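Examination of the molecular architecture
So you can see what is in the structure, the chains are spelled out below.
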Amino acid sequence: RLARRLIRKPTTRFQAASMLRKDITIGVTLNVVGMFLTLLGAEQIVGALAIKVLTTSTRGISLVTADTNSFLQPLDILIVQANTNTLFSHFVSLAALLYLTRQVDKLDPPTPEPQQ
């Protein structure tokens, strides 16, 4: 969408840099919120798995009344892996946005604040 806006109407490199800065700021904000929510989810997942492990080890193993839902399942580990992949994707996106910020600053350095 940004490329279409830049192509549609003639812009100076200063206007383009300003548009890029705005889009990068939005991207960083969304990624930080996403990382925060993913970390909250990770805490909940780890807490639930810890409860499963701690309650299983105190009961002992009874073959007659074994509740298979109280044991760790392979799916539990895949959920932790999915959460870790989500965190990694947010990290990579933030790293790319920081790189873009550096490139935009080379294109058009930010103007200093007026001194009063």
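Everything below is about the structure shown above.
Residues numbered from 1 in each chain as written. Predicted model: local features only at pLDDT ≥ 70, side-chain atom pairs only at ≥ 80, totals over all residues. Heavy atoms only, no water.

Take the overall build of the protein next. Along its length, the protein carries three helices and zero strands. If you list the helices and strands of the protein from N to C, you get α-α-α. Sorting the 116 residues of the protein into buried and exposed places 19% on the buried side. Residue pairs at least 24 apart in sequence account for 72% of intrachain contacts in the protein once pairs closer than 6 positions are excluded. By element, 68% of the accessible surface of the protein is carried by carbon and sulfur atoms, the whole surface being about 9300 Å². (Helix = DSSP H or I, 4+ residues; strand = E, 2+ residues; numbered from the N terminus. Buried < 20%, exposed > 50% of the residue type's maximum accessible area, 1.4 Å probe, protein only. Contact = heavy atoms within 4.5 Å. Areas by Shrake-Rupley, 256 points an atom, 1.4 Å probe, with all protein chains shown as cover.)

Pairing between side chains of opposite charge can happen when the charged atoms of each approach one another. A full pass over the atoms with the stated rule returns two salt bridges. Here Arg-21 makes a salt bridge to Asp-105, at a shortest N to O gap of 3.3 Å. Within this pair, whereas Arg-21 is found in helix α2 (residues 13-59), its partner Asp-105 is found in helix α3 (residues 74-107), the two being separated by 84 residues in sequence. (Salt bridge = Lys/Arg side-chain N within 4 Å of Asp/Glu carboxyl O.)

All right, on to α3 then. Compared with an ideal rise of 1.5 Å per residue, which puts 34 residues at 50 Å, α3 spans 50 Å between its outermost C-alpha atoms and is within 8% of the ideal. Listed as buried for α3 are Asp-76, Asn-83, Leu-87, His-90, Leu-94, Leu-97 and Val-104. (Expected span 1.5 Å × (residues − 1).)

Further remarks concern the environment of Ala-17. With respect to the element layout, Ala-17 can be found in helix α2. The class for Ala-17 is buried, based on a relative accessible area of 0%. The spacing of Ala-17 and Asp-105 is 88 residues in sequence and 7.9 Å in space, taken between C-alpha atoms. With residues near it in sequence (within four places) discarded, Ala-17 still touches Val-104, Leu-107 and Asp-108.

With that settled, consider the side chain of His-90. With respect to the secondary-structure elements, His-90 resides in helix α3. Leaving out residues up to four positions away in the same chain, His-90 has contacts with Asn-31, Gly-34, Met-35 and Thr-38.

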